[in-house]
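# Coordinate analysis (summary)
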Amino acid sequence: MLMHQLLATNPYMSTGLNTGLLQVPWPRTRVPSHHMRELARGKFLVKSEDITLLDSIGEGEFGVVYKARLGLSKRVVAVKTLKGEFVQVEVDKFVEESLKMSRFKHAHVMGLIGVCLDAGSAPYIIMPYMANGSLLKYLKRERNNIVVLDETDEDELGEVRKRLMVICSQIASGMEYLAANKYVHRDLAARNCMIDAHFVIKITDFGLSEDVFERNYFRQDSSSGESGEAAHQVDVSREPQ
Ligand SMILES: Nc1ncnc2c1ncn2[C@@H]1O[C@H](COP(=O)(O)OP(=O)(O)O)[C@@H](O)[C@H]1O
Ligand SMILES: [Mg+2]
């Protein structure tokens, strides 16, 4: 990995450089052992030497996203990491976001390819690369083709409606899957829906999402006395019926 890529993602590294302390040992991401076990069990752990970051392709409130190449196959992927300065609790939340993604298996919900924990103090979340960017960008770019005006002819109107219906139905089916698995996204927006090269849309950004099942369970817990392990059996590997 190149030095400028490390600098872009690791605040400790820049401190080291500014003060001439290049010998400072590399700060590793600290991850609770049960999260580590779950990631390892699902074979989601990826070594930093297998990732080559390319351009930065997006930024949200918390994260920065890069186009990257993965492993020997050099498969193009997207890598999301934390931006700016962050504290351990934000790192923990970020790892939890990756764990949620690792459980999702649906065509219209962003799944997880892997997580890299040895690139620095923030994890890298590796996911499918969505070549057509966010739905927000698409809607802005295609504004002239999707706005229906008085003078729009009938054929064009039909095409516009078809395109919008495809977008809506893909997002609705992703949301149905999340709801069936008791997840509330809490930040559904065009900027958090991504479009791949074949115009498949995936809902992404689970930073604010909540597992309602887990929350209900914790609420029930005081009265029912159920055990945590047994009650938290959310089978998200199943497609909704
Ligand atoms: N898989 C992806 N492929 C291509 N670009 C992406 C991908 N995921 C996110 N992006 C880009 O990065 C931006 C921020 O990603 P997001 O997950 O929403 O981060 P945040 O949690 O900071 O809001 C998106 O709006 C989009 O432009
Ligand atoms: Mg976002």
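Owing to the predicted nature of the structure, the values given are computational and were not obtained by experimental measurement.

Moving on to the site of ligand 1. Ligand 1 sits among 22 residues. The nearest are Gly58, Gly60, Gly63, Ala78 and Met130. By residue number, the principal contributor to the shell around ligand 1 is strand β1 (residues 51-59), which donates three residues. Counted by class, the shell around ligand 1 contains nine nonpolar, eight polar and five charged residues. A domain-level breakdown of the shell around ligand 1 finds at least three residues from each of domain 1 (2-128) and domain 2 (135-208).

The next subject is the UniProt feature "transmembrane region" (unreviewed entry) in the chain. Listed under "transmembrane region" (unreviewed entry) in the UniProt record, and renumbered for this structure, are residues 109-131. Structurally, residues 109-131 is divided into 0% helix and 35% strand, and its ends, taken at the C-alpha atoms, are 16 Å apart.

A large share of strand β5 (residues 124-128) lies buried, amounting to four of its five residues. Relative to β5, strand β3 (residues 75-82) is paired through four bridges, and the arrangement is antiparallel. Across the sheet, the residue bridging to Val79 is Ile126, located in β5.

Taking the numbering used here, the UniProt-annotated feature "binding site: ATP" (unreviewed entry) corresponds to Lys80. The residue Lys80 is located in strand β3 in this model. By C-beta crowding, Lys80 is classed as buried, having 28 other C-beta atoms within 10 Å. Each residue touching Lys80, except ones within four places of it in the same chain, is listed here: Gly63, Val65, Ile125 and Met127.

Take the environment of Asp196 next. With respect to the element layout, Asp196 can be found in the loop between β7 (193-195) and β8 (201-203). Placed 64 residues apart in sequence, Asp196 and Asn132 show a C-alpha to C-alpha distance of 5.3 Å. When neighbours within four sequence positions are excluded, Asp196 is seen to be in contact with Pro128, Met130, Ala131 and Asn132.

Moving on, we get to the sheet that holds β3. Taken in spatial order, the five strands line up as β1-β2-β3-β5-β4 in an open sheet, and their pairing is antiparallel. Edge positions in the open sheet fall to β1 and β4 (114-116), since each of these has one partner strand only. With strand direction ignored, the average angle separating the axes of adjacent strands in the sheet is 30°. Bridging between β4 and β5 involves three bridges; their strand directions are antiparallel. Each bridged residue has a counterpart across the sheet, and for Cys116 the counterpart in β5 is Tyr124. On the sheet, helix α4 (residues 88-103) packs against β3, β4 and β5 and is oriented at approximately 25° with respect to β5.

Turning next to the confidence of the model for the chain. The predicted model of the chain averages 80 in pLDDT, with 76% of residues at 70 or higher. In the model of the chain, helix α9 (residues 228-231) stands out as the element of lowest mean pLDDT, 33, in contrast to β8, which has the highest, 98. Confidence over residues 1-25 falls short of pLDDT 50; this stretch has 25 contacts with residues more than four positions distant or in other chains. Predicted confidence is poor over residues 217-241, with pLDDT under 50, and the contacts of this stretch with residues over four places away or in other chains come to 20 contacts.

About the criteria used
- Residues numbered from 1 in each chain as written.
- Chains lettered and ligands numbered in written order.
- Predicted model: local features only at pLDDT ≥ 70, side-chain atom pairs only at ≥ 80, totals over all residues.
- Near = placed C-beta within 6 Å.
- Helix = DSSP H or I, 4+ residues; strand = E, 2+ residues; numbered from the N terminus.
- Nonpolar A, V, L, I, M, F, W, Y, C, P; charged D, E, K, R; others polar.
- Domains from an automatic or database assignment.
- UniProt positions renumbered as here; feature names shortened; annotations may be inferred.
- Buried ≥ 20, exposed ≤ 12 C-beta atoms within 10 Å, placed from the backbone.
- Pairing = 2+ DSSP bridges.
- Contact = placed C-beta atoms within 7 Å.
- Axes fitted to C-alpha atoms, helices over the stretch in contact; angles between N-to-C directions.
- pLDDT = per-residue confidence, 0-100.

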